[in-house]
There are 2 protein chains.
Amino acid sequence: MLSEPETEIFDSVKEIFSNYLGEHGHRKTPERFAILSEVYSSEGHFDIESLYVQMKEKNYRVSRATLYNTIELLLDCKLVTKHQFGKNIAHFERSYKYAQHDHLICQDCGKVYEFCDPRIQNIKNTVEGLLNFKVTNHSLNLYGTCKDCHSKQESTNQPIN
Amino acid sequence: MLSEPETEIFDSVKEIFSNYLGEHGHRKTPERFAILSEVYSSEGHFDIESLYVQMKEKNYRVSRATLYNTIELLLDCKLVTKHQFGKNIAHFERSYKYAQHDHLICQDCGKVYEFCDPRIQNIKNTVEGLLNFKVTNHSLNLYGTCKDCHSKQESTNQPIN
DNA sequence: TTCACTGCAAACGCTTTGCATATGG
DNA sequence: CCATATGCAAAGCGTTTGCAGTGAA
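Reading the values: the criteria
Residues numbered from 1 in each chain as written. Chains lettered and ligands numbered in written order. Predicted model: local features only at pLDDT ≥ 70, side-chain atom pairs only at ≥ 80, totals over all residues. Heavy atoms only, no water. Axes fitted to C-alpha atoms, helices over the stretch in contact; angles between N-to-C directions. Helix = DSSP H or I, 4+ residues; strand = E, 2+ residues; numbered from the N terminus. Parallel < 35°, antiparallel > 145°, perpendicular 65-115°, else oblique. Contact = heavy atoms within 4.5 Å. Nonpolar A, V, L, I, M, F, W, Y, C, P; charged D, E, K, R; others polar. Buried < 20%, exposed > 50% of the residue type's maximum accessible area, 1.4 Å probe, protein only. Pairing = 2+ DSSP bridges. Phe/Tyr/Trp six-rings, centres within 6.5 Å; stacked < 30°, edge-to-face > 60°. Lys NZ or Arg CZ within 6 Å of the ring centre and 35° of its normal. Lys, Arg positive; Asp, Glu negative; His and termini not counted. Salt bridge = Lys/Arg side-chain N within 4 Å of Asp/Glu carboxyl O. Polar contact = N/O pair within 3.5 Å; in protein donor to acceptor, adjacent residues only side chain to side chain.

Caption draft 1: The arrangement of the packing of helix H2 (residues 30-39) of chain A against helix H3 (residues 48-57) of chain A in detail. All names here are of chain A. Interaxial distance between H2 and H3 falls to 11 Å at its minimum, and their mutual angle equals 105 degrees. Accordingly, the angle class assigned to the pair H2 and H3 is roughly perpendicular. Along the contact surface, H2 presents Ala34, Ile35, Glu38 and Val39, while H3 presents Leu51, Gln54 and Met55. Partitioning the contact of H2 with H3 into residue classes produces 5 nonpolar, 1 polar and 1 charged.

Caption draft 2: Representation of the pairing of strand E5 (residues 134-145) of chain B within the structure. The buried fraction of E5(B) amounts to 9 of the 12 residues, a majority that puts the element mostly inside the structure. Pairing geometry for strand E5 (residues 134-145) of chain A and E5(B), over 11 bridges, is antiparallel. The residue of E5(B) that forms the bridge with Thr145(A) is Lys134(B). Of the strand pairs in this sheet, strand E3 (residues 102-106) of chain B and E5(B) are connected by 4 bridges, and their pairing is parallel. Within E5(B), the residue paired with His103(B) across the bridge is Asn141(B).

Caption draft 3: Broad picture of the packing of aromatic side chains. Applying the stated criterion across every chain yields a total of 8 aromatic pairs over all chains. Between Phe17(A) and Tyr20(A), the aromatic rings sit 6.5 Å apart at their centres with planes inclined by 10 degrees, giving stacked as the arrangement. One end of the pair, Phe17(A), and the other, Tyr20(A), are both in helix H1 (residues 4-23), 3 residues apart, so they sit about a helical turn from each other. Relative to Tyr113(B), the ring of Phe133(A) has its centre 6.0 Å away and its plane inclined at 75 degrees; by these criteria the two rings are edge-to-face. Of the two residues, Phe133(A) sits in the loop between helix H5 (119-131) and E5 while Tyr113(B) sits in strand E4 (residues 112-115), which places them in two different chains. Between the NZ or CZ atom of Arg64(A) and the centre of the ring of Tyr52(A), over which it lies, the distance is 3.9 Å.

Caption draft 4: Summary view of the side chain of Glu93(B). All names here are of chain B. Among the structural elements, Glu93 can be located in strand E2 (residues 90-94). Notably, Glu93 is buried but unbridged: the nearest opposite-charge side chain belongs to Arg94, and the N-O separation is 8.4 Å. Side-chain polar atoms of Glu93 contact the side chain of His83, separated by 2.7 Å. In this structure the side chain of Glu93 is engaged in a polar contact, spanning 2.9 Å, whose partner is the side chain of His101. If near-sequence neighbours (up to four positions away) are discounted, Glu93 is found in contact with Gly44, His45, Phe46, Leu79, Val80, Thr81, His83, Tyr98, His101, His103 and Glu114.

And the structure:
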């Protein structure tokens, strides 16, 4: 069962998506809203394949093609953001009412952490002025070893992965 | 013909690579040095396919498998860095005596610009302390519209790409 | 001599595309 | 109605792997 704020959020994103589809002449199909719902049913990162499996397990009849297509729409209306964490696989994340943040990727266990630092905004502003470049978005990933893997390495020296 | 500083640089990286191979029990094959030479023959970004084509055009007998294998070694000994600019294709860049920098990617024309900002180091330091995470490297990409495309859009509103 | 390295081609995994069918407007 | 969206399967494309032959040590 969804908690109150979650329902509230879902109502909002549904409306945003609905408006977006209307304004851009896209059809409001049940599949698109089912995918939006699935994306907003949990908080973490996901990739297309896991979303596909997740929906199949719930007996949704959905195809990968539609997932890719719909994610593209969700990216366009800013309800989802896309990340590449160094591998050739796209990761996605719901972004409505989710504070702007960046990522720490542990190269031993693959876990992804989040952090915020206002100084990134200063960097963007400086670069915009300096190079006359209009910055629309950014991606900052820090790679290294998280505290869990750091302590494990001290005893076993075995990467987990 | 190579200019003086270029030759100097190539002598240095050849030695670094040679030492690295020796210390790690890897063989010093002519292919590996040919690839290193090719990588250090120009300054910009490249991907595996263009490196392959470039070497084929010079009548090197080289395979993609060896390119991937050798790039892995060059990454390991820090003579090359790897980037993902939002697409599912890896970009590489020689990194010896090349100042640490980050990238601006124009989403209209695909051009990649470079910039430096010392504040990124401060962010890394803060996050390391805050989350007890050992940061080994980072990737900061700013996406947007470069000045060339910005002015072109004003007249034609046509993305180039 | 030996075994890591090579080239080649096939396999792999994520993503895109083609096409017949279904359906929102 | 019919243009857009869908599911499915095949194709694309960057990357990885398997294997027989090669050559560095």
